[in-house]
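What follows is the residue order along each chain.
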Amino acid sequence: MNVYEVIPRVSPEAIVVYCCDPRFQTAFGPFVESELGLKKGQYVPLVVAGGAGVLANPDRLPNEFEFLKNRFELFHEHFASIRRLVLINHEDCVYYKTLAGKIPALEEYAAEPCHWPREDLTRIAQTFDRLLSHLGWGVELYYAGFTNGDRSQVAFDRIRV
Ligand SMILES: [Zn+2]
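Residues numbered from 1 in each chain as written. Predicted model: local features only at pLDDT ≥ 70, side-chain atom pairs only at ≥ 80, totals over all residues.

Draft legend 1. Layout of the environment of Glu108. Looking at the element boundaries, Glu108 is found in helix α4 (residues 108-111). Given 12 C-beta atoms within 10 Å, Glu108 falls into the exposed group. Residues Glu108 and Ala144, 36 residues apart in the sequence, show an inter-C-alpha distance of 22 Å. (Helix = DSSP H or I, 4+ residues; strand = E, 2+ residues; numbered from the N terminus. Buried ≥ 20, exposed ≤ 12 C-beta atoms within 10 Å, placed from the backbone.)

Draft legend 2. A look at the pairing of strand β2 (residues 43-47). Across 5 bridges, strand β1 (residues 14-18) lies against β2 in parallel orientation. Following the sheet pairing, Ala14 is matched in β2 by Tyr43. Between the parallel pair β1 and β2, the chain is carried across by helix α1 (residues 25-34), and the sense of this crossover is right-handed. (Pairing = 2+ DSSP bridges. Right-handed = clockwise from strand over helix to strand, strands pointing away.)

Draft legend 3. Main features of the environment of Pro117. Assignment of secondary structure puts Pro117 in helix α5 (residues 116-132). For Pro117, a count of 25 C-beta atoms within 10 Å puts it in the buried group. Once the C-alpha coordinates of Pro117 and Thr127 are considered, the two residues, 10 residues apart in sequence, prove to be 15 Å apart. Setting aside anything within four residues of it in sequence, one finds Pro117 in contact with Gly53, Asn89, His90, Glu91, Cys93, Tyr96 and Tyr143. (Contact = placed C-beta atoms within 7 Å.)

Draft legend 4. Quick look at the pairing of strand β4 (residues 138-146). Alignment of strand β3 (residues 84-90) against β4, held across 7 bridges, turns out to be parallel. Looking across to β4, one finds that Leu85 is bridged to Val139. Inspection of the sheet shows β4 paired to strand β5 (residues 154-159) by 6 bridges, in the antiparallel sense. Residue pairing across strands places Tyr143 opposite Asp157, the latter belonging to β5.

Draft legend 5. How the structure looks around the sheet that holds β3. If you trace the 5 strands from one edge of the open sheet to the other, you get β2-β1-β3-β4-β5, paired in mixed fashion. Strands with a single pairing partner mark the edges of an open sheet, and in this sheet they are β2 and β5. The average angle at which neighbouring strand axes cross in this sheet is 20 degrees, direction not considered. Lying over the sheet, α5 contacts β3, β4 and β5, oriented at roughly 170 degrees with respect to β4. (Axes fitted to C-alpha atoms, helices over the stretch in contact; angles between N-to-C directions.)

Draft legend 6. Structural detail: the nonpolar core. The biggest cluster of nonpolar side chains holds 40 residues, and the ones touching the most others in it are Ile15, Val16, Val17 and Ile88. When near neighbours in sequence (up to four residues on either side) are disregarded, Ile15 contacts Tyr43, Val44, Leu46, Phe72, Phe75, Ile82 and Leu85. (Core = buried A, V, L, I, M, F, W, Y, C linked by C-beta atoms within 7 Å.)

Now the structure itself:
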């Protein structure tokens, strides 16, 4: 029987939300560790399809929003050590390609789906200010965009809104 180590006691400083797209998993982990300075155990990874984009439309897609809000509140209650919320979106996100078909009110996503993962970070910041500020966390927004033609590398831009 194989055994695996866990970390017996943790005081995570941050929640990091990013997409489960398998192409990007080799980038997200090292980014969080090297650029955000968070080792495993120091942050709560919330890995969901669409990443931070799940927070962009709380009024039009309330179930999506509530899903993450409930997890935030759960961790807020459980870990008083959390001070940072890191929200990451990425280029060519499949979640965004499906948004336009979800409800007619989201048809703006059909026009230029490729620019929305970055554009939406503004809406996501507004969602936090309007509906999640009671958590008292500092929000950091990042966009992972491809840096080469064959789409094998990304860099992370900090987006300030
Ligand atoms: Zn994605």
